[in-house]
Every structure is written in C-alpha cells, then in structure tokens.
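# Fold and contact review
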Amino acid sequence: MLDLTFATVVLCGWIFSVCAHEFGHALLAYWGGDVSVKDKGYLTFNPLKYTDVQLSLVLPLVFLLLGGIPLPGAAVYINQSQLRSRGWQSAVAAAGPGATLGVALGLGWLLHQLPGGETFLQGGVVDALGQGQGDAIGFRDSWFLYGLSFLVMLQMAALVLNLLPIPPLDGYGIVEPWLPRSWQNSLGQFRRYGFLVILGAFWLVPAFSQLFWSVVVTLTALVLQTSINATLGTFITAYGVFQGGAKVLLVGVLVVAVIINQIHQRRQPRPPAPVAPRPPRRSAATPTALKTQLRQVDQRLDQYLGGRSPDLDSDRDPDLTPDSSSTPTLGDLWYQKGLILVQQERWAEAQVVLAQSLEQDPQQPKVWYEQGRVLVRQGDRPAALEAFQRCLILDPQLASGWYEVGQVQLQLGQAAAALISFQTLATLLPQFAPAPHYQALAHGQLLQWSAALMACDRALSLKPQWADPWLYRGVALMELGDYDRALSALDRALDLDPDRLDIYYQKACCHSQLGQMTPALDFLHIALAADATTDDRPRQRQALQDPHLAPLASHPRFLALMSPS
C-alpha cells in the first residue's frame, strides 16, 4: 500500500510541476504582449485548460509511470505575432524551463527545512549506493522525503530534456527567433518527429542515455547540496518503489484520462458538420449516343420480357455489358439501363430501374453501389447508406464503396463510423490522399483536433498540392489556438485555390481571434460574396452564429455586412 501512496504523491507533484512550467510560458507571454493567453485560461494551474489533455498531459504521465522518462508535459499556444520582439519570444520559451528549475529549487529548500531532512540528504537513511528497494524500515519512516528528492530529480531531468535544441522543445524555441527564416521553415517540418527522435535516442543509443542521466544526477546533487553517490542511491530506492505503485496507478490514470476527455469535449463548442466534396462524375457520352444506347437496351428488354432471347447486336456499347462472352440476364439489362439513366441525370427513373435489377438478383454489389449513388443525388442519405452497406457486405474489398459510405456517414453526423470507413479505405489504398483527409474531417466532428491535424499531415505527405487538407489543417490549428500556424496553412490553401471563399472565411475567423479587426473584416467581406447570389444567405447566417467571429460582433463594418440589404 505504501508504494501506491508514494507513486500517487509523486504523480500529483509532477502534475503540479507541469502546470507551473506552462504557467511560466503563459505569464511571460502575457507580459510580452499576448493578452489572449488570459482569455484562453492559461494563467491558471488548471490542467483542463491545456489543449488536447490526452496527448499533452496524460501521455507524458504514462511515460513517467512506465519508464521514468519525464517527457515535456502540457502545452499552451502562444500567439508569437503579438509578442513585442524576438527577445520576448526567446524569454517566453525559456520561462517554462525557468519555472521547472524554480520548482526544483523550492523542493530542495523544503527538504532542508523538514525535520530529518539534513540527515536524509547526507545518506543517513539508506546506504549511499542503495539496494534497489532500499531499507524497508528506513523508507517507511522517510517516504515523504524520498518523494520530494525523487521529484527534484524528475524536475532536473525535465529541465535538461527541455533545453535540448530540438523542435518542438523549449531549447529550440529559445534560439528559433534568431535563426534565418529559411532555417525556421525547414526545421519546423521536423517538429512533429522531434519526440520520436528523443525516445529513439533513449532506447537505442546507450551513450546518450548514460550522458543524460549523468548530467541529471550531477545537477540534482547540486540543487540538494549533497553528494552524487547519495543522490544516486536515493534515486535507485525511490524509483524502485515508484515503479511498484505505478503498475496499479497506471490503470487509474487511463480512467481519469477518459473522464477528462469527456469534460474537455463538453466545454468546447461543436462546429457544424463538414460536408465532404463529391468525387468527379464519370465521363458521360454525348446526349445522342445515350439516347441510342437507351433505345437498344429497351429493345432487348422488350424481347426478354416478351419471352424471346435478346439479340446481341454487334454495335452495342461494351462498357454497358458486364460480360461480352455470355448473353446478358434480365438483371444485367436493367442495370445497363440504370447506368444510362444515371448519365442522363434522370435520378428517379434510375432508382426504379436499379431496384428492378436488384429484384432479379440482389447479390450484385455493383448495382447496390449505383443505387446508393442515385439515392445520394435524390437526398435520401439513410437509404443510400443502407445501399452502400449492402454493397460492402457483398464486396468488402471495393474501395469506392468505403469511400461513398464514409461520405454519407460524415453527412449524417456519424463521425465515429465514418472514421472506421476511411481507415479501411486507407488500408485498401495506402497512397490515396483523400482517405486521411476525410479521416481528418471525421476527427474534427469528434472534436479530436490533434488527431485531425495529424491526419491532414498524412494527406499532405501524399498530395502536397491539394488545397483541401491545407484548409482543414488551418481549421484544426485554429481550434487548437495556434492561429499563426493556422494562417500559414490557410495561405498555402489560398495559393493553391484562390477562388475558394471558405478559405477567406476561415482566415477571417483567425484574424478575429487574434484581435486583428481590419483584416478579419476584409476577408469576411470577400467570403460573403457568394451570398449576393442567393436569398437565404447561408454564409451570413453562419457568421452570425460563429463564436470565432464574436470579437467582431459590435464592429460597425460587421453589422453592415450582416444587414439584410
């Protein structure tokens, strides 16, 4: 029971130190000109205010419990453009490690003040080299002192790790403002791989791990004003007990993570469901050719229904006949007619004809697929979803079926199901960029913005010149509060597709959140251009309800843009 109590106390102390670290960043940013950190709630010690609680707080805790590696914890998003100078940008990056050092010094001072602390720090409780688990009686009497000293070492480990000049660590953040812009852009692309490199170095390069812990132990001994051997012995004893309690505590941390995630999601406004663009239609024959094909199929149907075998004319369209080596069945003929009606955009007739084909043979995945597409065009998405699902039951390897079913699920708001569909599509077509892009849309509906951001990056690695993932990457970054990077992504999307009005709208939202009223209103004015051609003004109604544009609500230009005239 003592090991569980010890691990819990250490874990709580670590959470406090993470909060102190991020509070340091936020406080310096506030002093340096980014007042948005106050509105975002970062000037608190509340871990729920940090973005993406699972990835930024719980994941480092799990690594701490499993392996004692103190990964950097939660993250606050700083609006770098609001800081007064490059010096302030470096100071904000350094403030987190400074707070970590302050916590370590405070814990070291407290150890010296507590009864028995001086004796403990000189190695009087256990032998200097320790025995892995230490002296049971000595530890039971001094477990709190062990906990404080263990926390000091964790703080020093976090400090050394965070000061490495590797993106996205604070050490790189300190020097980044002084690097050439070209270097910043190049190193910025490495940001998402930084942690993987660090973990790989710990586990695959023994010399790196040995050097790292040697520096940490030496710095801890300096803070505690004790010998290196005594520090090392205390650490061995404390870490052995901590691991024993951590095995039980890990389950509790994961349960708390789920609860925190639910609370975090309920506190965020749910954005409108994104509508995925339709894939391009198949190339259609000329209207005259379609009429000729339809007449031929109708003649064969008349022969079939009249009790005669249909003639296999030599001039029939091979694309409409499933198997040119055999006589088409009645179901095949209905299917051929349905395809022609689809190309003529006679949706209601096509639905009836395809249904007749399915009456003849309900085990045709291609017919269920076309029926689903027709039902989508008619606006009956629940029936379309059922048709696509019947298609996939018959042919689970049909990639286009997974694409269509995922689209309909997104439009029906079934984001979790859509995510599975697009993940299956990605498995079938690993190089198909729309698969991870639509996974990002599904993650967005679920308010999983960090996951959405990673999915956008996967799509862009496959198709970097596609505007859609750049646009949604900007949306995800905006939802995460990283408005500078969001604007960069939106600018890239605009370079690729300058006529997309929704990109201008999202840029207006970003500038509004940054307090930049003039560009926000300029971009919003452009985004509302399409409303002039419609009576219901959908974009205007969206702008009136969008919380991202709330800072503009009382501005005269905004009121003029929202006026009915």
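Higher on the page you've got the structure.
Below you will find a few notes about this structure. Here the residue numbers are simple positions, counted from 1 along each chain's written sequence. A pLDDT threshold of at least 70 governs which residues receive local features in this predicted model, and a stricter bar of 80 or more applies before side-chain atom pairs are shown or counted, although totals over entire chains, interfaces and linings include all residues. As a rule here, side-chain values come from all non-hydrogen atoms in the structure, and water together with hydrogens is ignored.

## A closer look at the packing of helix α15 (residues 365-377) against helix α17 (residues 399-411)
What counts is decided by this rule: Lines fitted to C-alpha atoms define the axes here, with helix axes fitted over just the stretch in contact, and angles between the N-to-C directions of these axes take values from 0 to 180 degrees. The way it works is that DSSP assigns letters per residue, a run of H or I at least four long becomes a helix, a run of E at least two long becomes a strand, and they are numbered from the N terminus. When describing relative orientation, an angle under 35 degrees is termed roughly parallel and one over 145 degrees roughly antiparallel, while 65 to 115 degrees is termed roughly perpendicular and anything else oblique. Here is the rule for handedness: rotate from the far helix to the near one, and if that takes an anticlockwise turn smaller than a right angle the crossing is left-handed, while a clockwise turn gives right-handed. Residues are treated as being in contact if the distance between any of their heavy atoms lies within 4.5 Å. Gly is placed with the polar residues, together with every amino acid not listed as nonpolar (Ala, Val, Leu, Ile, Met, Phe, Trp, Tyr, Cys and Pro) or charged (Asp, Glu, Lys and Arg).
Running from N to C, α15 and α17 cross one another at 30°; their axes reach a closest spacing of 11 Å. One element, α15, and the other, α17, form an angle in the roughly parallel class. Considering only the axes of α15 and α17, their crossing is left-handed. In this structure, α15 contributes Tyr369, Arg373 and Val376 to the contact, and α17 contributes Ser400, Gly401, Glu404 and Val408. Residues belonging to the contact of α15 with α17 are distributed by class as follows: three nonpolar, two polar and two charged.

## Digging into the nonpolar core
The following threshold applies: Nine residue types can take part in a nonpolar core, namely buried Ala, Val, Leu, Ile, Met, Phe, Trp, Tyr and Cys, and a core is a set of them joined through side-chain atoms within 4.5 Å. Between buried and exposed lies partly exposed: a residue is buried under 20% and exposed over 50% of the maximum accessible area for its type, with that area taken using a 1.4 Å probe on protein chains only.
Ranked by size, the top nonpolar core spans 85 residues in total, and within it Trp449, Tyr472, Leu524 and Leu549 carry the most contacts. No other element matches helix α13 (residues 330-343), which puts eight residues into this core. In contact with Leu549, other than residues within four places in its own chain, are Tyr505, Ala508, Cys509, Ser512, Leu524 and Ala543. Residues Trp14, Leu148, Ile198 and Ala238 belong to the second largest nonpolar core, which totals 39 residues.

## Some thoughts on unusual backbone geometry
At Gln225, a residue that is not glycine, the phi angle is positive and equals roughly 60°. As for its placement among the helices and strands, Gln225 is situated in the loop between α10 (206-224) and α11 (228-266). The phi torsion at Glu345 lies on the positive side, around 60°, for a residue other than glycine. As for its position among the elements, Glu345 is in the loop between α13 and α14 (347-360).

## Structural notes on the packing of aromatic side chains
Rules: For Phe, Tyr and Trp, where Trp contributes only its six-membered ring, two rings pair if their centres lie within 6.5 Å, and the inter-plane angle classes them as stacked under 30 degrees, edge-to-face over 60, or tilted in between.
One pass over the full model with this rule turns up 15 aromatic pairs. Pairing Phe120 with Tyr146 gives two aromatic rings, centres 4.9 Å apart and planes at 80°, and the pair type is edge-to-face. Taken together, the positions of Phe120 in helix α5 (residues 117-121) and Tyr146 in helix α6 (residues 136-162) put the pair 26 residues apart, joining distant regions of the chain. With respect to class, Phe120 is no different from Tyr146; both count as buried. An angle of 40° between the planes, with centres 6.2 Å apart, marks the rings of Trp449 and Tyr472 as tilted. With a gap of 23 residues between them, Trp449 in helix α20 (residues 449-462) and Tyr472 in helix α21 (residues 467-479) connect regions that are remote in the sequence.

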